[in-house]
Amino acid sequence: RVSGSPEQITPLFDLLKQDKPVLIADLMYANGGDAYLLKQLENEQLLFHPKAYAAWNTNGNTLGTVLAWYKLLNAEQVQPHLQQKFLIERITDDGWYQGIWRQELSKHYSDPVNLNTCVQLIHKMNEHLKCWQQWMPESPHCLQVKHLNFPWRRFFEIELELCFKSQSDDSA
């Protein structure tokens, strides 16, 4: 458990600043990232320093994603730009959408998801991605929402894909 106070997250930040291979299984809450941890990582411009991040709807899914990701990274079977894209998608979907934005949307809308909801969320995500891009290691030259869908017409789940083109590979 890392959240709650600066004293609890300082060791994590120290490891990230030393460029240690940190993988974060965000288990603080079911179905979404810990807002305090994410905002502190963002404030310190360390949001994209972990090698992996997940905050799924169950601890099993979260741990399974992080452990599988770790195995792939150790086997050097993941191209760096694809690893970064997956990290950004997990942080955006699991962390920010599920942990923060979904609750904000749910407060303002009682109706099922509609086009206006999608447009507002895409705009919010693209604004964050643009801000994050400025201090990302190996910043991609294309980073925006490519596809967003609410498959069940409710806020609980989204399908998210980012347009992500690294500086070294325009075919991503």
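## What about helix α2 (residues 35–43)?
Each full turn of the α-helix corresponds to 3.6 residues, which orients residues three or four apart in the same direction.
For step 1, the next point in the chain: When α2 is considered as a whole, its buried residues turn out to be Leu37, Leu38, Leu41 and Glu42. One side of α2 holds all its buried residues, which, seen down the axis, span an arc of 130°.
For step 2, the next point in the chain: The inward-facing, buried residues of α2 contact α1 (6–17), β1 (23–25), β2 (52–54), α4 (80–108) and α5 (115–133).
For step 3, the next point in the chain: Looking at where α2 begins, the residue whose side-chain oxygen comes 3.2 Å from the main-chain nitrogen of tyrosine 36 is aspartate 34.

## Notes on the packing of aromatic side chains
For step 1, the next point in the chain: The tally for this structure, following the rule as stated, stands at five aromatic pairs.
For step 2, the next point in the chain: Seen in terms of ring centroids, tryptophan 69 and phenylalanine 86 are 4.6 Å apart; in terms of plane orientation they differ by 65°. Their pairing is edge-to-face. In this pair, tryptophan 69 is assigned in helix α3 (residues 59–74) and phenylalanine 86 in helix α4, connecting sequence segments 17 residues apart.
For step 3, the next point in the chain: Residue class for tryptophan 69 comes out buried when judged on its relative accessible area of 4%.
For step 4, the next point in the chain: We classify phenylalanine 86 as partly exposed; its relative accessible area is 32%.
For step 5, the next point in the chain: With a centroid separation of 5.8 Å and an interplanar angle of 50°, the aromatic rings of tryptophan 96 and tryptophan 132 are classed as tilted. Here tryptophan 132 lies in helix α5 and tryptophan 96 lies in helix α4, a separation of 36 residues in the sequence.
For step 6, the next point in the chain: Looking at tryptophan 96, the relative accessible area reads 3%, which means it is buried.
For step 7, the next point in the chain: Three or more aromatic residues link up through ring pairs in this structure, and these residues are Phe48, Trp96, Trp101 and Trp132.

## Details of the nonpolar core
For step 1, the next point in the chain: Judged by nonpolar contacts, the single largest core of 41 residues is most densely connected at Leu47, Phe48, Tyr97 and Phe150.
For step 2, the next point in the chain: Among the secondary structure elements, those contributing two or more residues to this core are α1, α2, β2, α4, α5, β3 (142–149) and β4 (159–165).
For step 3, the next point in the chain: The element contributing the most residues to this core is α4, with eight residues.

## A closer look at α5
For step 1, the next point in the chain: Its 19 residues place the ends of α5 26 Å apart at the C-alpha level, agreeing with the 27 Å of an ideal helix rising 1.5 Å per residue.
For step 2, the next point in the chain: Taken together, the buried positions of α5 are occupied by Thr117, Cys118, Leu121, Met125, Leu129, Trp132 and Gln133. For α5, the angular spread of buried residues about the axis comes to 125°, placing them on one side. α5 presents His123 and Lys130 as exposed residues on the side facing more than 90 degrees away from its buried surface.
For step 3, the next point in the chain: At its buried positions, α5 is contacted by α2, α4, β3 and β4.

## Brief notes about the pattern of salt bridges
For step 1, the next point in the chain: Within the structure shown, the criterion is met by seven salt bridges.
For step 2, the next point in the chain: The partner of lysine 146 in a salt bridge is glutamate 161, and the shortest N-O contact between them spans 3.7 Å. Of this pair, lysine 146 sits in strand β3 while glutamate 161 sits in strand β4, and the two are 15 residues apart along the sequence.
For step 3, the next point in the chain: The exposure class of lysine 146 is exposed, given its relative accessible area of 57%.
For step 4, the next point in the chain: Take glutamate 161: its relative accessible area is 30%, and that puts it in the partly exposed class.
For step 5, the next point in the chain: A single salt-bridge network, built from bridges that share partners, covers Lys85, Glu89, Lys146 and Glu161.

Procedures and definitions
Residues numbered from 1 in each chain as written. Predicted model: local features only at pLDDT ≥ 70, side-chain atom pairs only at ≥ 80, totals over all residues. Heavy atoms only, no water. Buried < 20%, exposed > 50% of the residue type's maximum accessible area, 1.4 Å probe, protein only. Helix = DSSP H or I, 4+ residues; strand = E, 2+ residues; numbered from the N terminus. Arc of directions from axis to C-beta. Contact = heavy atoms within 4.5 Å. Polar contact = N/O pair within 3.5 Å; in protein donor to acceptor, adjacent residues only side chain to side chain. Phe/Tyr/Trp six-rings, centres within 6.5 Å; stacked < 30°, edge-to-face > 60°. Core = buried A, V, L, I, M, F, W, Y, C linked by side-chain atoms within 4.5 Å. Expected span 1.5 Å × (residues − 1). Salt bridge = Lys/Arg side-chain N within 4 Å of Asp/Glu carboxyl O.

By themselves, these observations are geometric and do not establish any function.
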